[in-house]
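Read off the chains here:
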Amino acid sequence: METTDISKNVSFTGHRSGRISQPLSWLYADMVSEIKRLYSFGYRNFFSGMAEGGDLIFAKAVAAVKKEYTDMKLIAVIPFRNQSGYYTMKYKTLYQQILREADKTVVLSESYYKGCFHRRNDYLTDYAEVILAYWDKRPYGGAYYTIGKAQMLNRTIINLYK
């Protein structure tokens, strides 16, 4: 699978579940709609940073849409090997399910180190033309960092926050 041509690639950035203000089922439905819309414009590769919350909900939505659009690809971008070590059982289970359904898994480091999440977020912006986001516009956190980098790279940003 060739992913260096970023013109067909979408990455997600968003908050962990504690910072998501709408019901997760609504966010999931919005993601499914937006993924289908992006697919209709020719986007085929969808990257998730696999964090608890928005990232895993996005990956779950991509996996569901892939059942209908079989030429879509889900790429799991993992900052370090034991990323899900501190997740709740619900999110650990979803994480493992997504890894089984992913077309490609990119593990950026074998172990945690300071800055590994920034490296993952840089990967997400470097390899995608479109950044699909759930960002509450507060000036802190990983989504804020990723949106800023995407703006510097002149990427298209679609924010699902309501």
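Now for a look at the structure at hand. Source: prediction; values computed, not measured. Numbers given for residues are sequential positions, taken from 1 along each chain in its written order. Since the coordinates come from a predicted model, pLDDT governs what is reported: local features require at least 70, and pairs of side-chain atoms require 80 or more to be given and counted, while whole-chain, interface and lining totals use all residues. Excluded from the side-chain calculation are hydrogens and water; included are all heavy atoms of the structure.

### Quick notes on the overall build of the protein chain
We count a stretch as a helix when DSSP gives it H or I for four or more residues in a row; a strand needs E for two or more, and each element gets its number in order from the N terminus. Each helix and strand counted, the protein chain has 5 helices and 6 strands in total. When the helices and strands of the protein chain are listed from N to C terminus, the series reads β-α-β-α-β-α-β-α-β-α-β. Radius of gyration: C-alpha atoms only; globule rule: 2.2 Å multiplied by the number of residues to the exponent 0.38. Over its C-alpha trace the protein chain gives a radius of gyration of 14 Å, about what one expects of a compact globule, namely 15 Å for 162 residues. For the protein chain, the spread of C-alpha atoms along the principal axes amounts to about 35 × 35 × 35 Å. Only protein chains enter the accessibility calculation, which uses a 1.4 Å probe; a residue is then buried when its area is under 20% of its type maximum, exposed when over 50%, and partly exposed in between. The buried share among the 162 residues of the protein chain stands at 49%. Two residues qualify as a contact provided that any one of their heavy atoms is within 4.5 Å of a heavy atom in the partner residue. Pairs at least 24 residues apart make up 80% of the contacts formed inside the protein chain by residues separated by at least 6 positions. Note on areas: Shrake-Rupley, 1.4 Å probe, and residue coverage restricted to the protein chains presented here. For the protein chain, the computed accessible surface area is about 8,000 Å², with 53% contributed by carbon and sulfur atoms. As used throughout, the charge tally considers Lys and Arg to be positive and Asp and Glu to be negative, leaving His and the chain termini uncounted. Charge placement uses NZ in Lys and CZ in Arg. For Asp and Glu, CG and CD serve respectively. Placing the 23 positive and 15 negative side-chain charges of the protein chain at their respective mean positions leaves the two points 5 Å apart.

### Some words on the nonpolar core
M31, I35, F46, M50, L56 and F58 are the most contacted members of the largest nonpolar core, which totals 36 residues. By residue number, the principal contributor to this core is helix α2 (residues 54–66), which donates 8 residues. Setting aside its immediate chain neighbours within four residues, L56 contacts M50, A51, Y87, Y91, L94, Y95 and I98. Buried residues of nine kinds, namely Ala, Val, Leu, Ile, Met, Phe, Trp, Tyr and Cys, make up a nonpolar core once their side-chain atoms join them within 4.5 Å.

### Some remarks on the packing of α2 against helix α3 (residues 89–101)
Angular values range over 0 to 180 degrees, each being the angle between N-to-C directions of two axes fitted as lines to C-alpha atoms, with helices fitted over their stretch in contact. The contact between α2 and α3 brings their axes to 10 Å, and the two run at 40°. If you check the angle between α2 and α3, you find them oblique. Where α2 crosses over α3, the two elements pack in a sense that is left-handed. From α2, L56, I57, A59, K60, A63 and K66 reach across to α3, where they touch Y91, L94, Y95, I98 and E101. Residue polarity is assigned by list, with Asp, Glu, Lys and Arg as charged and Ala, Val, Leu, Ile, Met, Phe, Trp, Tyr, Cys and Pro as nonpolar; anything else, Gly included, falls into the polar class. Taken together, the residues of the contact of α2 with α3 break down into 8 nonpolar, no polar and 3 charged. For classification, angles of less than 35 degrees are called roughly parallel, those exceeding 145 degrees roughly antiparallel, those between 65 and 115 degrees roughly perpendicular, and all remaining angles oblique. We call a crossing left-handed when the near helix sits turned anticlockwise from the far one by less than a right angle, and right-handed when that turn is clockwise.

### Here we look at helix α5 (residues 142–152)
Structurally, the α-helix is built with 3.6 residues per turn, so residues lying three or four positions apart point the same way. Among all positions of α5, only A143, T146, I147, K149 and A150 are buried. Down the axis, α5 shows its buried residues gathered within 165° of arc, on one side only. The exposed residues of α5 that point more than 90 degrees off its buried face are Q151 and M152. As for α5, its buried residues are in contact with β1 (9–14), α4 (116–126), β5 (130–134) and β6 (156–159). The arc in question is traced by the directions running from the helix axis to the C-beta atoms.

### What about the sheet that holds β5?
With parallel pairing, 6 strands are arranged side by side in an open sheet as β4-β3-β2-β1-β5-β6. Looking at which strands have only one partner, the edges of the open sheet turn out to be β4 (104–107) and β6. Along the sheet, successive strands turn relative to each other by an average axial angle of 20°, direction set aside. Packing against the sheet, α5 makes contact with β1, β5 and β6, and its axis sits at approximately 145° to β1. Only strands joined by at least two bridges in the DSSP assignment are considered to pair.

### Considerations on the side chain of D136
Following the sequence through the fold, D136 ends up in the loop between β5 and α5. For D136, a relative accessible area of 10% gives the class buried. Here a polar contact is recorded for every N or O atom pair within 3.5 Å, except that within protein the pair must consist of a potential hydrogen donor and a potential acceptor, and residues adjacent in sequence are included only if both atoms are side-chain atoms. Side-chain polar atoms of D136 contact the backbone nitrogen of R138, separated by 3.0 Å.

### Here we look at unusual backbone geometry
Despite not being glycine, M50 has its phi angle at roughly 65°, a positive value. By the secondary structure assignment, M50 is in the loop between β2 (45–48) and α2. Overall, M50 belongs to the buried group, its relative accessible area being 0%. Residue N154 is not a glycine yet carries a positive backbone phi of 60°. Residue position: N154 is located in the loop between α5 and β6.

The values reported here are purely geometric and, on their own, carry no functional implication.
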